[in-house]
Amino acid sequence: MAQRVQGTEDLFGGYMRAWQRMCDVGRELFGAYGFDAIETPALEQVDTFVHGIGESTDVVRKEMFRVFSGALLPEVLERGGEGHLKPRQRMAMRPEGTAGVVRAAVEHNFVPQGGAPVKLWYAEAMFRGERPQKGRLRQFHQVGLEWLGAEDPAADAECVIVLMEYFARLGFDPAKLRLTINSMGDATCRPAYRAAVRSFILDHADEMCDDCLERAELNPLRAFDCKNDRCRAVMEDAPKLGDALCDDCRSHYEQVKRYLDAAGIAYVEDPTLVRGLDYYTRTVFEVEVEGAGVGAIGGGGRYDGLMELEGGKPTPGLGWAVGFERIYLALQSLGVDLTGEGDSCVYVACMPEQRAAAFSATLALRQAGVRTEADYQGRSLKAQFKQANRLGARLCVVLGSDEVAQGVATVRDMASHEQVQVPLDELAAYVSARL
RNA sequence: GUGGGCGUAGCUCAGUUGGCAGAGCGCUGGGUUGUGGCCCCGGAGGUCGAGGGUUCGAGUCCCUUCGCCCACCCCA
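Attention in this report is confined to the structure presented alongside it.

Conventions used here
Residues numbered from 1 in each chain as written. Chains lettered and ligands numbered in written order. Predicted model: local features only at pLDDT ≥ 70, side-chain atom pairs only at ≥ 80, totals over all residues. Heavy atoms only, no water. Core = buried A, V, L, I, M, F, W, Y, C linked by side-chain atoms within 4.5 Å. Buried < 20%, exposed > 50% of the residue type's maximum accessible area, 1.4 Å probe, protein only. Near = heavy atom within 4 Å. Polar contact = N/O pair within 3.5 Å; in protein donor to acceptor, adjacent residues only side chain to side chain. Helix = DSSP H or I, 4+ residues; strand = E, 2+ residues; numbered from the N terminus. Contact = heavy atoms within 4.5 Å. Patch = residues over 30% accessible without salt bridge, like charges linked within 9 Å, V, L, I, M, F, W, Y side chains within 5 Å. Areas by Shrake-Rupley, 256 points an atom, 1.4 Å probe, with all protein chains shown as cover. Salt bridge = Lys/Arg side-chain N within 4 Å of Asp/Glu carboxyl O. Lys, Arg positive; Asp, Glu negative; His and termini not counted. Charge placed at Lys NZ, Arg CZ, Asp CG, Glu CD. Pairing = 2+ DSSP bridges.

As for the nonpolar core
The biggest cluster of nonpolar side chains holds 50 residues, and the ones touching the most others in it are Leu148 and Met235. Of all hydrophobic cores here, the second largest spans 48 residues; its members include Ile161, Ile265, Phe285 and Trp320.

So, the protein's contact with RNA strand B
Of all residues adjacent to RNA strand B, which total 46 residues, the nearest are Arg128, Arg136, Arg215, Met414 and His417. Among the atoms of RNA strand B lying within 4 Å of the protein, the sugar-phosphate backbone contributes 54%. Here Gly323 contributes a backbone N or O atom positioned 3.3 Å from a sugar or linking oxygen of RNA strand B. Residue Asp402 places a side-chain N or O atom 2.8 Å away from a base oxygen belonging to RNA strand B. Looking at the surface near RNA strand B, the elements with two or more residues in it are β6 (139-148), β10 (296-302), β11 (317-323), α15 (381-390) and α16 (401-406). At 7 residues, α15 tops the list of elements feeding residues into the surface near RNA strand B.

Details of the environment of Ala292
Positionally, Ala292 belongs in the loop between β9 (281-289) and β10. On the accessibility criterion, Ala292 (7% relative accessible area) is buried. Taking the C-alpha atoms as reference points, Ala292 and Ile327, 35 residues apart in sequence, are found 9.5 Å from one another. Not counting residues within four places of it along the chain, the set of residues in contact with Ala292 comprises Lys134, Ala330 and Ser333.

Brief notes about a negative patch on the surface
Judged by side-chain charge, Glu151, Asp152, Glu158, Asp247 and Asp248 come together as a negatively charged surface patch. Position of Glu158 relative to the elements: it lies in helix α6 (residues 153-170). By relative accessible area, which is 33% here, Glu158 ends up partly exposed.

Notes on the sheet that holds β11
Spatially, 8 strands are ordered β1-β5-β6-β11-β10-β9-β7-β8 in an open sheet, and the strand pairing comes out mixed. Only two strands of the sheet have a single neighbouring strand rather than two, namely β1 (36-37) and β8 (268-269). Pairing analysis gives 2 bridges linking β1 to strand β5 (residues 118-127), with the strands arranged parallel. When the bridges of β5 are listed, Asp36 appears paired with Leu120.

Focus on the sheet that holds strand β4 (residues 91-93)
If you trace the 3 strands from one edge of the open sheet to the other, you get β2-β4-β3, paired in antiparallel fashion. Looking along the sheet, the strands with just one partner apiece sit at the ends: β2 (43-45) and β3 (66-67). Inspection of the sheet shows β2 paired to β4 by 3 bridges, in the antiparallel sense. Residue pairing across strands places Leu43 opposite Met93, the latter belonging to β4.

Here it is, written out as C-alpha cells:
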C-alpha cells in the first residue's frame, strides 16, 4: 500500500478545521494591526536560506531538504554534490518563513529607501529533515508575520502584543503561557560579546561537553541553551549579554520593556535566550505553554541585518512564527477544542419511489445555500434517520408518497421531534429561515 | 546521527508453555407495514506490516526488512 512520506501528515476532518481556524483568526487579528497576507514559494534558492538563516545553524547545515530536477539529479550524484551547479539550480524547500518573505521584499523593493514600513503575514508549510517526534514534523505549518522598515521599539512591543493576543484568541489562558524575552545586541556590540563567550568556553574546555566546544567555534551563544547540567553550571558565570550591550541596544531594550509594561504584558527576562537562527539582533522572544510538553509554540525577534544579507538596502525588520501542530497539541492538553463543529446540515430522507422528488428538493436546498445531505445507498428510512443523526443534521426533510401526492414535505426538527408540513415550493425558504 | 518502544478488524487494543484469530467501540440488518439517539437480537469485516527460516503446526521462536511512536540534538 502506498504511504505518506516520513514525518508528514494529512490534514483532514477536525485537524483541517483547526488549521483553517488558525488562519481565519490570524487573518482577522493581523488585519487589524495592518498586516497583509503574502505567500512565497515553498522552493527557494539555497543561498536565500544560507545567507539569511546562517551557515552555522543546524537548520542550514543538517535540516534543509535540497531539491533538484530529475534531469539534474544524476549529474549531482555523479559529481558527488551540488557545488558545481549554478546558484539558481541549487534549491531547497523552505525550513522557515522569514528568509523567503525578506527575499521577496528585496526583490520587489517593498520598502524603498525612506519608505513606509511594510507588514506581511503568512500561513504556510515548512520543511525540515529532522527525526519526527511529538510536535515535530518534517512538513509542518507555521503562521507568522514580518514587519519590515520599522526601527521603533514600539514595533517590537506591538509584535509581542499581537502574538499574545493571537494566542488568547486561539483559546489559550494567558496565565498558562510563559513569555521570555532578551536582547541579543547588534553589529556594534555582539561580535565582541561573541568573542568573549568563545574564549570563556575555551577557558573552561575541560568542564564542557563536546557539543559546547563545537558551539564555541560555530555559535558560542548557543552554549547557553545546552541541556547538560555541568555546562549550565559553567555558563552561569559566563559573561552576560545584558552587560555587554552597547548604549543603543540597551536603550532600545529598555524601551521595549517599557512598552510591554504599559500594555500589561507579563514577561520573564531570560539573558540566556538565544534564537537558533543567525539573523536575529536585539529583541528576541519565545512563548512556551506550561505542562504541554511540546516545546516552544512560538518565537521571533528583530533582524535588522537580514535585508542586507539578502542583498537589499539596510532595513530594520522583525517578526515571529508560531507552529500549528504544536499549538494544536498544546490546546488539546489544556482541554481547548480548536476543531470546531462541522457545519450544521439538513438531511433529505425519502422512500425509494420518491427518489426523484428528493433529488429535486436536495438540489433546491443546496442552491439556496443550505448544506444538504441525502441517501445514495438506497437504505431504509430508519437507516436514513440514523445517518441524519450521525451527521448532526438539525432538520430532516421527509419525502414519502403522502407528501409528494400533496406537494409538500415533512420537516422534522431532530432535537424537538416536531414535524411540520411545508409546500415543496416553499421548502428552501422555510429551511433557510429555520437554520 | 544516537537510544528506547510498538506494528493483530475501520478505531483502541487482548491473544497463556507454539495448537481452529478475539473483545470493546464503530459499521450493517432486524426488533418498529414511513422516523434517529437508549435497549435487545443477528451479520459483515483480518495477506496478524512485509520477506525468509525453525517446526507436524508460528500472531507467538529466530533472521532480514519496511513503517510508526517517544527521547536526545535543534527548533515552531
